[in-house]
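# Architecture and fold: a report
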Amino acid sequence: MRIIIYTGKGGVGKTSIAAATALFLGNKGKKVLVMSTDQAHSLSDSFDVTLDSSPREISENLWALEIDPVVESAKAWGQLRDYLKQIIRQKANGGLEADEVLLFPGLDELFSLLKILEAIESGKYDVIVVDCAPTGETLSLLRYPERLSVLADKLLPSVRNFTSAFGGIISRKTTVPKPRDEVFAEFDNLVKRLSRLREILVDRNICSMRIVMTPERIVYEEARKNYTWIRAFDYAVDAVYLNKIYPQEALKGYFEGWSKLQEDIIRRIRDSFGECKIFTLTLQKEEVRGMSMLATVGNQLYSSEDPAQIFSRDHAFHMEDEGASRYLILDLPYVEEKDISVSKEGEILYLTIKNEMRCFSLPDEISRRELSGWSYVDGKLKIIFDYE
Amino acid sequence: MGRIIIFTGKGGVGKSSLAAAHAVSSASGGTKTLLVSTDMAHNLGDLFDTEAGREIKTVMDCLDILELDPDWIMQHEYPDLSRVLGKLIGSNSLLETNPGDYFLLPGFENLFSLLKIRKLYLSGVYDRIIVDCAPTGETLSLLKLPELLTWYMEKFFPVGKVMVRILSPISKLKYRVSLPNHKAMDEIEELHARLVLLQELLQDPEICTVRLVCIPEKMVVEETKRNYMYLNLYGYQVDRVFMNRILPDDTGNEFMNHWKEIQKPYIEELESVFVHVPITRIPWYPDEIRGMESVQKLSREVLQYPGLFDLPPKRDREIYITIPNGYKLMIPLPGADHMQIKVKKYQLDLDITLHNYNRRIPLPYILKDAKIADLIQEKDMLSIIFKLEEQSEEKKDISREIEKRKQEREAGKEKRKARIARFRKGKNGGAI
């Protein structure tokens, strides 16, 4: 069982690469499902077939689907959302704008990922290839399972008790309806499924993230940031794809100056992604569309490699001892010291970088110690633990 | 009255360069201008060959630049609000030591940058504020929420404050929940009021307009349409679109000349979406825009269109009205009753064909499965009636699935009750 998730900002060609990879693996005899969280139907366009939210066999051993975030989000939290709608609709007539904003566009992407869990549970596939929403959004959503479990563990029991005790009073005084038990139960269930999904996605023997980029400075810088964050959240990145490299013939004449810029960026990319495998693909003569074009691209990419293999298992963190102190060392390139804050509560270590937080569950041998400090040198964050 | 112009578009399409070029043009004309970036991937510093950051920096006569960091703003300019958000989530030591840890809707953080921009606007120091912004459609749509919650703020909060006073000691003792205190409730009301005022400012057609930057590539075109749909739906004024990276007629090689052909349908699609919005085409420069000189060059070569900072002419926009089991979309169209109009819907696109032009309107998600039920042509208005579809097989499956889970939950309800009872008992016994 393998899960390969392609991510990258819009326009870098990650759908084409996901589709070509899935087709290549299917042709090699693996049972493959490829799915897209993208709203613009780029997967249907790539394969040149019609797709919907149920898997469709589009060539031998290859199934494809396009996730409908509206449907997925109704499945995930329909009742809670209806409760919110009920609260708002009762008094404010917001028309279609209100209905639309209550779909919470950003959250849909998160719930779309639950479709991966369904595919795993079906047990039908050897490889699941996911074409994921653009970088920024994906990033900000990956942290939610952790935050949601904070909510579910700490807040939900309190709120439930609180509303069961005082809900009656609130309803009478204000006509704010009291949420039904189903709303809580649904939320509970949602959190469980999200946590289960996260468990699978952080398992580096199953799941690899792959970042797709083009040789342009801004795209490269965003990809680098993305790389740091995905790893800080403990997901494994095992390969990066450098797509749409202009071939020499394209840089004759008007674009001659571009040639040096491109070389420079490619050099920087080769130095920036640790042990990741780097795949390269030149800009094709046409837009990548249709089975034969995808097969060509797949053969160009994987002439000597099996794309389903795990190219790197590099861990973003490890432990070291020095005297009586124990260090947790995180590989965390490209951040600034002033943006880092670290704290520990019980067995949980909280790491905040700028406005992003993640929690590490510490193993016993560390969690009994106290956090006594940290340092950030050469892209490595060293967190020091001591007994009092 | 000051002017705010928001530049928005995906990273890599050139919006920062364009925002910077506008800022330079504005300042060169002697208008006191601020260029501010809210994009997390700031690059104003690169563009002007200087260190830019949280402090305002003057880069030329009449031009200051600033890079905003929403988290820093939350913690330093709205420390009380940050604490309130922490309290809303629940009081435990963790959240108090890490004031940045709230569960926020995606896009919500950007609202703090926008609140800061309102503050800068009200300070009156600048005649023009030019904002270099990440895609804003979804963020601006969130500004609808405070308005929707107004009734509850007015009704619930007075009651809420009284209740907090009475219940707070009980709830703390009995349920270990700290209710927000009286002061915190005041601050929530204040945040609510500020967000409502922010929406008013950004929707004021005399003050604020949005300019979209895109390139003629499939994915970018789709994202631009979506962004435009949100901006339109929530009542913001889009007054210009910049189409960047247009290949020159002859690139000197066949490979790129062929890509010029591939660009064509995307340029046409953008033109059919932005029928009423002026489009400026920007050539694909064979080098990077970096440093003051290249920004000035861009300002000289591209921003020669008249009325660079003028307000757009007033235009009636399309509106949606809720009807039973559907929505009515009303599109202002002078002389609509005399025209041969063809309307076709393809998922989230609505194509309107008149004898001589074609217009494409991106639709909100909610209409994805809706069907066109009727077309009403009146004097100056075309109305389209959308009916929400009968449940599809897939959706029926889902309803069944939801129903099944509901039953399972029912079955588990008794168990849960028992568990809660045990949980309470544990609390009273002081075991937890």
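Fair warning: this is a prediction, and the values are worked out from it, not measured in the lab. (Residues numbered from 1 in each chain as written. Chains lettered and ligands numbered in written order. Predicted model: local features only at pLDDT ≥ 70, side-chain atom pairs only at ≥ 80, totals over all residues.)

## Re the overall build of chain A
Summing up its helical and strand segments, chain A has 13 helices and 15 strands in all. Per-residue burial for chain A yields a buried fraction of 40% across its 388 residues. The contacts in chain A between residues at least 6 apart in sequence include a share of 70% that link residues at least 24 apart. (Helix = DSSP H or I, 4+ residues; strand = E, 2+ residues; numbered from the N terminus. Buried ≥ 20, exposed ≤ 12 C-beta atoms within 10 Å, placed from the backbone. Contact = placed C-beta atoms within 7 Å.)

## So, the overall build of chain B
Check the secondary structure of chain B and you find 14 helices and 15 strands. Counting every position in chain B, which comprises 432 residues, the buried fraction comes to 38%. For chain B, long-range pairs separated by at least 24 residues make up 71% of all intrachain contacts whose partners lie at least 6 apart in sequence.

## Considering the domain arrangement of chain A
Considered domain by domain, chain A is made up of domain 1 (2–70 + 109–142 + 202–301) and domain 2 (317–386). Relative to domain 2 of chain A, the C-alpha centre of domain 1 of chain A lies at a distance of 32 Å. (Domains from an automatic or database assignment.)

## Let's talk about the sheet that holds strand 4 (residues 62–66) of chain A
Residue and element names in this part refer to chain A. Taken together, the eight strands give an open sheet; going across it, the order is 3-4-2-5-1-6-7-8, and neighbouring strands pair in mixed fashion. Two strands lie at the open edges of the sheet, namely strand 3 (56–59) and strand 8 (277–282), each paired on one side alone. For this sheet, the mean angle separating the axes of adjacent strands, direction not counted, is 25 degrees. As defined by bridge partners, strand 7 (residues 237–245) adjoins strand 8 across five bridges and the pair is classed as parallel. Its bridge partner being in strand 8, V240 is matched across the sheet by I278. (Pairing = 2+ DSSP bridges. Axes fitted to C-alpha atoms, helices over the stretch in contact; angles between N-to-C directions.)

## Notes on helix 12 (residues 254–273) of chain B
All names here are of chain B. Spanning 20 residues, helix 12 covers 30 Å between terminal C-alpha atoms, matching the ideal 28 Å at 1.5 Å per step. When the local axis directions of helix 12 are compared, the greatest deviation, roughly 30 degrees, occurs at Q263, which is followed within four positions by the proline P265. Three or more residues of helix 12 are buried, namely M256, L270 and V273. Buried residues in helix 12 make contact with strand 6 (208–214), helix 11 (218–233), strand 7 (238–246), strand 8 (279–283) and strand 13 (358–362). (Expected span 1.5 Å × (residues − 1). Bend = angle between axes of the 7 residues up to and from the residue.)

## Here's the deal with unusual backbone geometry
Even without a glycine there, the phi angle at K244 of chain A is positive, about 55 degrees. Tracing the chain through its elements places K244 of chain A in strand 7. Residue K244 of chain A is classed as partly exposed on the basis of its 19 C-beta neighbours within 10 Å. Although it is not a glycine, N325 of chain B sits at a positive phi angle of roughly 50 degrees. Note on placement: N325 of chain B falls in the loop between strand 9 (319–323) and strand 10 (326–332).

## What to know about the packing of helix 6 (residues 114–122) of chain A against helix 9 (residues 181–201) of chain A
Residue and element names in this part refer to chain A. Orientation of helix 6 relative to helix 9, taken along the N-to-C sense of each, is 70 degrees, at an axis distance of 9 Å. The pairing of helix 6 with helix 9 is recorded here as roughly perpendicular in orientation. For the pair helix 6 and helix 9, contact is made by L114, I116, L117 and I120 and by R193, R196, L197 and I200, respectively. Looking at the contact of helix 6 with helix 9 residue by residue, the class counts come to six nonpolar, no polar and two charged. (Parallel < 35°, antiparallel > 145°, perpendicular 65-115°, else oblique. Nonpolar A, V, L, I, M, F, W, Y, C, P; charged D, E, K, R; others polar.)

## Re the packing of helix 1 (residues 15–28) of chain B against helix 13 (residues 292–302) of chain B
Residues and elements named next belong to chain B. Interaxial distance between helix 1 and helix 13 falls to 8 Å at its minimum, and their mutual angle equals 80 degrees. In terms of their interaxial angle, helix 1 and helix 13 are classed as roughly perpendicular. Contacts from S17, A20, A21, V24 and S25 of helix 1 reach helix 13 at V295, Q296, L298, S299 and V302. Class assignment for the residues of the contact of helix 1 with helix 13 results in six nonpolar, four polar and no charged.

## Some words on the sheet that holds strand 14 (residues 370–377) of chain A
Strands belonging to one sheet form pairs held by backbone hydrogen bonds; the direction of such a pair is parallel or antiparallel. All names here are of chain A. Pairing within the open sheet is antiparallel, and its four strands lie in the order 9-10-15-14. The open sheet terminates on both sides in strands that have one partner only, identified here as strand 9 (317–322) and strand 14. On average, each strand axis in the sheet is tilted by 25 degrees relative to the strand beside it, whichever way the strands run. Judged from the six bridges that link them, strand 9 and strand 10 (residues 325–331) form a sheet pairing that is antiparallel. Paired with F317 across the strands is L330, a residue of strand 10.

## What to know about the pairing of strand 2 (residues 33–37) of chain B
Residue and element names in this part refer to chain B. Burial within strand 2 is extensive, with five of its five residues counted as buried. Alternating residues of strand 2 divide into T33, L35 and S37 and L34 and V36, and every residue in both groups is buried. Summarising the sheet, strand 2 and strand 4 (residues 63–67) pair through five bridges and their orientation is parallel. Each bridged residue has a counterpart across the sheet, and for S37 the counterpart in strand 4 is E67. As paired elements, strand 2 and strand 5 (residues 128–133) share five bridges and run parallel to each other. From the neighbouring strand, S37 faces strand 5, where its bridge partner is D132.

## Topic: the environment of D82 of chain A
Note on placement: D82 of chain A falls in helix 3 (residues 69–91). Separated by 20 residues in sequence, D82 of chain A and L102 of chain A place their C-alpha atoms 9.1 Å apart.

## Considering the nonpolar core
All names here are of chain B. In this structure, F7, A20, L35, I129, V131 and C214 are the most contacted members of the largest nonpolar core, which totals 88 residues. Examining the composition of this core, we find that eight residues originate from one element, helix 11, more than from any other. Looking at this core, you find at least three residues from each of domain 1 (3–302) and domain 2 (319–387). What F7 contacts, discounting residues up to four positions off in sequence, is K15, L18, A19, I130, V131, D132, C133, R211 and V213. (Core = buried A, V, L, I, M, F, W, Y, C linked by C-beta atoms within 7 Å.)

## Some thoughts on the pairing of strand 9 of chain A
With zero of six residues buried, strand 9 of chain A is to be regarded as a mostly surface element. Remark: two residues form the turn of the hairpin made by strand 9 of chain A and strand 10 of chain A, two consecutive strands paired antiparallel; G323 of chain A in that turn has positive phi of roughly 60 degrees.

## Some words on the environment of P334 of chain B
Among the secondary structure elements, P334 of chain B is positioned in the loop between strand 10 and strand 11 (342–346). The spatial distance from the C-alpha of P334 of chain B to the C-alpha of M381 of chain B is 6.7 Å, given a sequence separation of 47 residues.

## Some details on the confidence of the model for chain A
Summary statistics for chain A give a mean pLDDT of 83 and a share of 82% for residues scoring 70 or more. Here helix 7 (residues 135–142) of chain A stands out as the element of chain A with the lowest mean pLDDT, 54, in contrast to helix 12 (residues 291–301) of chain A, whose mean of 97 is the highest. (pLDDT = per-residue confidence, 0-100.)

## A closer look at the environment of T136 of chain B
All names here are of chain B. Note that T136 resides in the loop between strand 5 and helix 7 (137–142). Residues T136 and L195 lie 59 residues apart in sequence; the distance between their C-alpha atoms is 15 Å. If sequence neighbours within four positions are ignored, T136 has contacts with I6, T8 and V210.

## Structural notes on the confidence of the model for chain B
All names here are of chain B. Scored by pLDDT, chain B comes out at a mean of 81, with 77% of its residues at no less than 70. Counting interchain partners and residues more than four positions distant, the pLDDT-below-50 stretch residues 89–101 has 33 contacts. Interface confidence for the predicted complex, given as ipTM, is 0.74, next to a pTM of 0.78.

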